Each structure stands twice: as C-alpha cells, then as structure tokens.
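Each chain is listed here by its residues.
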Amino acid sequence: MRASERRLLETILRLPTAPFREHWVQGAIERAARKLELSVRHDRFGNLYVAYHKGRAEPLAFTAHMDHPGFELLEVKGSVAE
C-alpha cells in the first residue's frame, strides 16, 4: 500500500460516524475523489457514486457502509451517562 493510500484510509477511518450521520465520511471520500478528478454524484437516497474510467476494462463496483453502530451521549451525571 502506498503512503498516500494509507493516509487517505487513516483519515477516513478516524472520522466520527453513525447511522444517518455519515456526512463527515462522505465528505472526505468526495474530496479525495474530486482531487483525483473522478466523477462524483449522489442519488436521492444519499448514496455516493464515484466513477473511474480507464481503457476498455469491464465495470467493477465496490460497496461499503459509511456508518457503524454508534450512540449519542446526551448528558453525564457523575458516573452515569444518559
């Protein structure tokens, strides 16, 4: 793995995310794709599509969730989190 690829993955994987709160990860992926001059689009469901075209290669799709199980901490009272 190249150092630049490793830095990109580390940047994305360190971002906070949870269901319906994927905007930080989505933004980082979109910025990286645009920096590489890749085509980026969103659908009405919030999915992100990044396209790379080179030569006559067959289409290939990678899919991934941009969230993970998370929770929202609303209040801490002493040693109790709510």
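Look a little higher up for the structure.
Here we summarise the structure given alongside this text.

Basis of the calculations
- Residues numbered from 1 in each chain as written.
- Predicted model: local features only at pLDDT ≥ 70, side-chain atom pairs only at ≥ 80, totals over all residues.
- Heavy atoms only, no water.
- Helix = DSSP H or I, 4+ residues; strand = E, 2+ residues; numbered from the N terminus.
- Buried < 20%, exposed > 50% of the residue type's maximum accessible area, 1.4 Å probe, protein only.
- Contact = heavy atoms within 4.5 Å.
- Phe/Tyr/Trp six-rings, centres within 6.5 Å; stacked < 30°, edge-to-face > 60°.
- Lys NZ or Arg CZ within 6 Å of the ring centre and 35° of its normal.

As a further point, take the overall build of the chain. On a plain count of helices and strands, the chain comes out with two helices and four strands. The order of α-helices and β-strands along the chain, N terminus first, is α-α-β-β-β-β. Based on the C-alpha atoms only, the size of the chain along its principal axes is roughly 60 × 35 × 20 Å. The burial tally for the chain puts 16% of its 82 residues in the buried class. Here the contacts in the chain between residues at least 6 apart in sequence split such that 27% fall between residues at least 24 apart.

Turning our eyes to something else, we now look at the packing of aromatic side chains. Evaluated as defined, the whole model comprises zero aromatic pairs. Over the ring of Y49 we find R41, and its NZ or CZ is 4.3 Å from the ring centre.

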